[in-house]
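Secondary and tertiary structure notes
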Amino acid sequence: MLIIEEALRQVVSSLLVSVFYSTAAVGLTLSFNITKIANFAHAEYITIGAYVGAILTLIGLDPILALIAAAGVASIVAVSTDEVFYKPLYKRGARPLQLFVASIGVGLFLRYLMSLYADIGDLLFLSSRFSQQPLFYLGHGAVTNLHLLSIALFVLFIGFLYSLISKTKIGKGMRAIASNPELALVSGIPVWKIRRIAWLIAGFAAGLAGVLWSYYTSINPETGWRMLLWVFSASIIGGFTSIWQTVLGGFIIGYSENMVMWFLNSLFNIDPAYKPLIPYGVIVITLLVRKPPALLR
Amino acid sequence: MLMITDPSGLIILISSLIMYLSIYIMLSVSTNIEYGFTGIPNLGKTLFYFMGAIVAARIVILVYDPIIGAVNPFDAKTAVMRTSYAIQNPPLTISIFILTTILAIIISGVLGYLASYPAISLREDFLAITLLIFGEAMRIFVRTYEPIVGGVFGISGIPGPLIWFEPKPLASLIYSSICMIIAVIVFLLLESFLNSPLGRVLKAVRDDDLVASVFGKDPIKVRALVLTIGSGIAGLAGALYTFYSQAVFPDDFVPPFTFFILAMVLLGGVGNNVGTVVGAVLLSLFERFSQASMLELLGIRIGFDISYFRYMMIGLLIILVLMFRSQGMIPEKPVKTPLYEILLRRFNTGTKRQEKVNENNI
């Protein structure tokens, strides 16, 4: 059965991108809940993670070590952008809209700083030295060692985040800040410390997604920016509140863009270049039908 | 040291400066009535700007191609045929220009109204993201679906209204001056609109839509109206720019362009059109003089892509302005009309009331 084998190929490859989108989107949802910033600079943490990871593997570091180091760098960048830009603005009473515009500025600055660096260092198109080896085949779809690595890390990360949020005191503080920041501050929750932890995790998630992306395919300074709207779609489907729904959103986006496109392409011969329109359509439908309360006025 | 010696080169340079400035004034002022006055962060500006360009390209194809008998409207041969036909028919080019600008305003305005429908009830930042997504969806659709404006490679050979005029440098100077006059008219119309009672409603909706709705103003209708007006102006700018560049490339209409326009508004003055124009002047000069071709003209050579540096500086500028002067260079001023009207009315009815008004106003 050729069709089933082809479908399995799509299922297997969609799994990987879905994991990437979900990982990054969970970070975005977390930082949004704590700070109420719809952070456009999240894209740049992804790109930074991807670049650092790819460069570290190219100078001969073990992929696993490179991955942790790169995600760490991305989380440090995330914390420092907050300390330097968002926190001072927030303390001066900036509205969410101004913080959002500031994040666009931060995103532009970081993205084109990296583009300049990549242009001067001749790194505009970069591939990491991670070799994907097929472990076994499902139909035409090759399940590789990258699948194993990504899914293992993803499960570990989500498990860690879930237990952090639901089991620990820090998680309790996070939930308190998410529902009412002023009240949390008044009741003695270390708001700024928890905010820092949230940014660390958000940056780590984005960096992780970025490194895995760089192991998956070649990268350029716009990798994160291209991914950003997908990551936002995943978070929007999840309503920007729940981690599980965000994960689900990532999988919906990852699978819908690949499976629906493959379906349309093989049945009606539609150009795969229309692929980005599918997640956009999903967002519009979500906004019209589901009306997530966190996103309304 | 300037390497421009012949006057025609200088005229072309000046006319391109005027042209870009007028486009940026129209776009930034229309962004300001949305972002500054009403609190709608329209990051889908390129959608409506692009729509204006598409309208211009489609009307030119619709009118010229049956006459010249072109088979493929997007190839280079058709572009040359269109241009040579347009040179022989001055009245046709001018009437197409007028028709197109009017249609571009109407179609982009309607598109703005339609785009406002699913997005208007969202939180401000998600409204921005949704509009940005609409813009990107449009760009991706148009660059993939070739019958609209030729896909990735775009369309060229869109004759401007003064293509028959000789000498060429003077024609482009006249055309860019016309655009500047249109930009000034747009600016003046908007100023009178914003100082009218309806203009005050915009600020009321921005500051507190609950209070505005208590006074019987429907915030959703106001937002839809403002998006319609802003989009109409963006469409006008798109059509005017298309007749200047005589080509449309879908990949010119990317989100960083919108951010660039937004930076003009933030730098100049949020909620103040005069300030926005100042911001547009400063940033369009920065943009024009940081082009690689312009730097080469000045005798500077650099080893990297200057556009990266430009966008990096725009990003830094947005952050710095928000951190250190969030009201922009020229802060928002109170609306003029009510004070004038009240003073005039009271002045006519008696001096006793006049004193009272003066006391209140001090």
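A short tour of the structure in this document, coming up.

Scoring rules and cut-offs
- Residues numbered from 1 in each chain as written.
- Chains lettered and ligands numbered in written order.
- Predicted model: local features only at pLDDT ≥ 70, side-chain atom pairs only at ≥ 80, totals over all residues.
- Helix = DSSP H or I, 4+ residues; strand = E, 2+ residues; numbered from the N terminus.
- Rg over C-alpha atoms; globule rule 2.2 N^0.38 Å.
- Buried ≥ 20, exposed ≤ 12 C-beta atoms within 10 Å, placed from the backbone.
- Contact = placed C-beta atoms within 7 Å.
- Nonpolar A, V, L, I, M, F, W, Y, C, P; charged D, E, K, R; others polar.
- Axes fitted to C-alpha atoms, helices over the stretch in contact; angles between N-to-C directions.
- Parallel < 35°, antiparallel > 145°, perpendicular 65-115°, else oblique.
- Left-handed = near helix turned anticlockwise from the far one by under 90°.
- Expected span 1.5 Å × (residues − 1).
- Pairing = 2+ DSSP bridges.
- Core = buried A, V, L, I, M, F, W, Y, C linked by C-beta atoms within 7 Å.

**Structural notes on the overall build of chain B**
When its secondary structure is counted, chain B shows 15 helices and two strands. A compact globule built from 362 residues should have a C-alpha radius of gyration of about 21 Å, and chain B, at 22 Å, falls within 12% of that. Overall, the C-alpha framework of chain B stretches about 75 × 50 × 40 Å when taken along its three principal axes. For chain B, the residues scored as buried account for 45% of the 362 residues in total. Considering only contacts in chain B between residues 6 or more positions apart, those separated by 24 or more positions represent 79%.

**Some thoughts on the overall build of chain A**
Counting secondary structure elements, chain A contains eleven helices and two strands. In chain A, the order of α-helices and β-strands from amino to carboxyl end is α-α-α-α-β-β-α-α-α-α-α-α-α. Taken over C-alpha atoms, the radius of gyration comes to 19 Å for chain A, in line with the 19 Å a tight globule of 297 residues would show. Counting only C-alpha atoms and orienting by the principal axes, one finds that chain A spans roughly 65 × 50 × 35 Å. Expressed as a percentage of the 297 residues in chain A, the buried residues total 48%. Once local pairs closer than 6 in sequence are excluded, the contacts in chain A between residues at least 24 apart make up 74%.

**Describing the interface of chain A and chain B**
Contacts between the two partners involve 37 residues from chain A and, on the opposite side, 35 residues from chain B. Secondary structure elements with two or more residues in the side of chain A that touches chain B: helix 3 (63-91), helix 4 (96-120), helix 9 (223-237) and helix 11 (277-290) of chain A. Here the side of chain A that touches chain B is composed, by residue class, of 30 nonpolar, four polar and three charged.

**Examining the packing of helix 1 (residues 7-37) of chain B against helix 11 (residues 273-289) of chain B**
Residues and elements named next belong to chain B. Their axes nearest at 9 Å, the elements helix 1 and helix 11 cross at an angle of 140°. When the axes of helix 1 and helix 11 are compared, the pair comes out oblique. Helix 1 and helix 11 meet at a crossing whose hand is right-handed. Where helix 1 abuts helix 11, its residues Leu17, Tyr20, Leu21, Tyr24, Ile25, Ser28, Val29 and Asn32 lie against Asn273, Thr276, Val277, Gly279, Ala280, Val281, Ser284 and Arg288.

**Describing unusual backbone geometry**
With an omega dihedral of -5°, the bond running from glutamate 166 of chain B to proline 167 of chain B counts as a cis peptide bond. Relative to the helices and strands, proline 167 of chain B is located in the loop between strand 1 (155-156) and helix 6 (168-194). Even without being glycine, asparagine 269 of chain A reaches a positive phi, approximately 60°. Structurally, asparagine 269 of chain A is set in the loop between helix 10 (243-268) and helix 11. Of note in this structure, glutamine 246 of chain B is not a glycine but carries a positive phi near 60°. Its place among the elements puts glutamine 246 of chain B in the loop between helix 9 (219-245) and strand 2 (247-248). Overall, glutamine 246 of chain B belongs to the partly exposed group, with 18 C-beta atoms counted inside 10 Å.

**A short note on helix 2 (residues 42-58) of chain A**
All names here are of chain A. Taking 1.5 Å of rise per residue, the 17 residues of helix 2 would be expected to cover 24 Å, and the 25 Å separating its terminal C-alpha atoms lies within 8% of that figure. Extensive coverage of helix 2 is indicated by the burial of 15 of its 17 residues. Directly after helix 2, the chain includes glycine 60, whose backbone phi takes a positive value near 105°.

**A look at the pairing of strand 2 (residues 141-144) of chain A**
Put simply, side chains in a regular strand alternate between the two faces of the sheet. Residues and elements named next belong to chain A. Bridge analysis of strand 1 (residues 134-138) against strand 2 gives four bridges, and the strand direction is antiparallel. Bridging across to strand 2, leucine 138 finds its partner in glycine 141. Hairpin connection, strand 1 to strand 2: the antiparallel pair is bridged by two residues, and glycine 139 has positive phi, about 65°.

**What about the nonpolar core?**
Core analysis: the largest hydrophobic core is formed by 188 residues, its most contacted members being Ala24 of chain A together with Ala263 and Ile318 of chain B. Contact partners of isoleucine 318 of chain B, with chain neighbours within four places excluded, come to Val101, Ala102, Ile104, Gly105 and Leu108 of chain A together with Ala263 and Leu266 of chain B.

**Concerning the environment of glycine 238 of chain B**
All names here are of chain B. By the element assignment, glycine 238 lies in helix 9. Glycine 238 sits in the buried class, given 30 other C-beta atoms within 10 Å. Along the chain, glycine 238 and methionine 313 lie 75 residues apart, while their C-alpha atoms are 25 Å from each other. The contact partners of glycine 238, leaving out residues within four places of it in the chain, are Tyr49, Phe50, Met51, Gly52, Ala53 and Ala104.

**Quick notes on the packing of helix 2 (residues 45-68) of chain B against helix 3 (residues 76-88) of chain B**
Residue and element names in this part refer to chain B. Running from N to C, helix 2 and helix 3 point in directions that differ by 95°, and their axes come no closer than 10 Å. Judged by the angle between their axes, helix 2 and helix 3 are roughly perpendicular. Across the interface between the two elements, Tyr64, Ile67 and Ile68 from helix 2 touch Met81, Arg82 and Tyr85 from helix 3.

**So, the environment of serine 80 of chain A**
With respect to the element layout, serine 80 of chain A can be found in helix 3. As a C-alpha pair, serine 80 of chain A and arginine 196 of chain A span 116 residues in sequence and 9.2 Å in three-dimensional space.

**Describing the environment of alanine 94 of chain A**
Residue and element names in this part refer to chain A. Tracing the backbone through its elements, the reader meets alanine 94 in the loop between helix 3 and helix 4. Residues alanine 94 and glycine 105, eleven residues apart in the sequence, show an inter-C-alpha distance of 15 Å. With residues near it in sequence (within four places) discarded, alanine 94 still touches Leu89 and Leu99.

**Observations concerning helix 10 (residues 255-268) of chain B**
Helix length check: helix 10 of chain B, at 14 residues, gives a terminal C-alpha distance of 20 Å against a target of 20 Å (1.5 Å per residue), a fit within 8%. Across the 14 residues of helix 10 of chain B, twelve count as buried, placing the element largely inside the fold. Listing the buried residues of helix 10 of chain B in full gives Pro255, Thr258, Phe259, Phe260, Ile261, Leu262, Ala263, Met264, Val265, Leu266, Leu267 and Gly268 of chain B. Buried positions along helix 10 of chain B lie against helix 4 of chain A together with helix 1, helix 2, helix 5 (124-144), helix 11 and helix 13 (306-324) of chain B.

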